[in-house]
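# Close look at the chain arrangement
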There are 2 protein chains.
Amino acid sequence: MRIGILGSGGVAQTLGSALITLGHEVRLGARDASNERVRAWAEREAEPAGGGTFVDVAAFADQVALNCTAGAHSLEALEGCREALQGKILVDVANPLDFSQGMPPLLTVTNTDSLGERIQRGFPDTRVVKALNTVNHEVMVDPGRIPGAHTLFLCGDDAEAKARVRGWLGEWFGWPDTAFVDLGGIRAARATEAYLLLWVHLMQVTGTSDVSVRVVHP
Amino acid sequence: MRIGILGSGGVAQTLGSALITLGHEVRLGARDASNERVRAWAEREAEPAGGGTFVDVAAFADQVALNCTAGAHSLEALEGCREALQGKILVDVANPLDFSQGMPPLLTVTNTDSLGERIQRGFPDTRVVKALNTVNHEVMVDPGRIPGAHTLFLCGDDAEAKARVRGWLGEWFGWPDTAFVDLGGIRAARATEAYLLLWVHLMQVTGTSDVSVRVVHP
């Protein structure tokens, strides 16, 4: 597959490198095609890794692009990609975190709206699936870093797109199908983004970013 | 112990009845001393159950009162209790849920503030411990309704008050000490209150209110 990753930070690089290892063609995108981090990553990975602008990598994707931009700036970053993302699946991995007041972060949008919903509203011809945003990037590509069963939440308005994302995450990174809890439509992005407020505390109190939760019920 | 429960709804009644069974003296409080629900509960439970106004039950409590009022109106309900709660521990069980837009609910305060923090700021001479607000009232008094290990989050600015609440919840309802995850100061109430946005979805997708999460890490 040709996979476009919007973003150039740790999440984008970790996902990109893991997908390259699996034999996929991957491009990381940034505002500027000559972005230093993207260049360094592509040189380290060599072919079939590459970089480009956000629009370049959105157009490069054959079926799916991953939004790994900083959530507070995602809408701005994605702005020019409407046409390039048409008919494709966009996995929204981003969280609208605001670190301007220090730690723990605040959210730039929550409660009455969410980043996932804003993206879906802005990109009606793209199927947005919110997923992976509740775990650290190293756990995203290696769920076994956290021992035992733990949950990966996902949501989105399109059932087929969610099924495909679920399949890909299993195939690519080994997420067992039993790990997924599908919360419903994209509105539930409010829930998984707001969970970050809890997650940052969990990271602090457990002393590790290899931390998540398992949903338990009878 | 003489325990004051601020509130008259399902949470207040379930906690009250469980504490009566354990031999504690319990009073449920409402705005109006002749509140129907409180009267019916007290008659059903007979002595040592009773009712009164919010101030009455706050004054009745020897060490600890439980805030089980509707979160959206808690500050208003507690307003007259400042003196009566002085030097006591207040376990804040409430969530600032707003059902006016239907389901799933919104929060009346979140992100930059929380109900727990507002109560602590308004009651500087009372030690507020946010706890129990992340599980259904039947689970509060019977954690075994959910099989296996699951987490109960708590937070508050006073370490001794938190230790006592932890001890009471173990002694009263059988919460194992390993279930507790102490998230730190009362600011973390933002995290556990915002978790409700996720919890209502979990209840919907699992089809049971006997649902919670277990924190997992290496």
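Heads up: the structure comes first, above all this text.
Right, let's walk through the structure included here. (Residues numbered from 1 in each chain as written. Chains lettered and ligands numbered in written order. Predicted model: local features only at pLDDT ≥ 70, side-chain atom pairs only at ≥ 80, totals over all residues. Heavy atoms only, no water.)

Our focus in this paragraph is the sheet that holds strand 3 (residues 49-53) of chain B. Residues and elements named next belong to chain B. The mixed open sheet is built from 8 strands, whose spatial order is 3-2-1-4-5-8-9-10. At either margin of the open sheet sits one strand with a lone partner, and together these are strand 3 and strand 10 (180-182). Here the strands of the sheet are splayed against their neighbours by 25° on average, with no regard to which way each runs. Bridge analysis of strand 5 (residues 89-92) against strand 8 (residues 127-131) gives 4 bridges, and the strand direction is parallel. Looking at the pairing, Leu90 lines up with Val128 of strand 8. (Pairing = 2+ DSSP bridges. Helix = DSSP H or I, 4+ residues; strand = E, 2+ residues; numbered from the N terminus. Axes fitted to C-alpha atoms, helices over the stretch in contact; angles between N-to-C directions.)

On to the nonpolar core, then. Judged by nonpolar contacts, the single largest core of 76 residues is most densely connected at Leu6 and Leu202 of chain A together with Leu6 and Leu202 of chain B. In contact with Leu6 of chain A, other than residues within four places in its own chain, are Gly29, Phe54, Val57, Ala58, Ala65, Leu66, Asn67, Cys68, Thr69, Leu78, Cys81 and Leu90 of chain A. (Core = buried A, V, L, I, M, F, W, Y, C linked by side-chain atoms within 4.5 Å. Buried < 20%, exposed > 50% of the residue type's maximum accessible area, 1.4 Å probe, protein only. Contact = heavy atoms within 4.5 Å.)

Before going further, it helps to spend a moment on the interface of chain A and chain B. Listed by partner, the interface residues are 37 residues for chain A and 37 residues for chain B. Between chain A and chain B the total buried area reaches about 3000 Å² when both faces are included, carbon and sulfur atoms providing 71% of it. The largest share of the area that chain A buries against chain B comes from Asn111, Leu198 and Val216 of chain A, three residues that together contribute 19% of it. One can count 9 residue pairs in polar contact (both at pLDDT 80 or more) joining chain A with chain B. (Buried area = accessible area lost by both parts, 1.4 Å probe. Polar contact = N/O pair within 3.5 Å; in protein donor to acceptor, adjacent residues only side chain to side chain.)

Once that is clear, we can look at the relation of the copies chain A and chain B. Overlay of chain A on chain B (RMSD 0.0 Å): rotation 180°, translation along the axis 0.0 Å. Seen this way, the second copy is the image of the first under a two-fold rotation axis. No C-alpha of chain A lies nearer the rotation axis than that of Arg214 of chain A, which sits 2.5 Å from it. Interface overlap between copies: 100% of the residues of chain A at the interface are likewise at the interface in chain B, consistent with a symmetric, same-surface contact. (Least-squares fit on C-alpha atoms with pLDDT ≥ 70 in both.)

This part takes up the pairing of strand 8 of chain B. All names here are of chain B. The buried fraction of strand 8 is high, at 4 of 5 residues. Of the strand pairs in this sheet, strand 8 and strand 9 (residues 152-156) are connected by 3 bridges, and their pairing is antiparallel. Bridging across to strand 9, Ala131 finds its partner in Leu154.

Turning next to helix 1 (residues 10-21) of chain A. Residue and element names in this part refer to chain A. In a regular helix each residue adds 1.5 Å, so 12 residues correspond to 16 Å; helix 1 covers 17 Å between its end C-alpha atoms and thus fits that length. With 9 of 12 residues buried, helix 1 lies mostly within the body of the structure. Just beyond helix 1, the residue with positive phi is Gly23, at close to 95°. (Expected span 1.5 Å × (residues − 1).)

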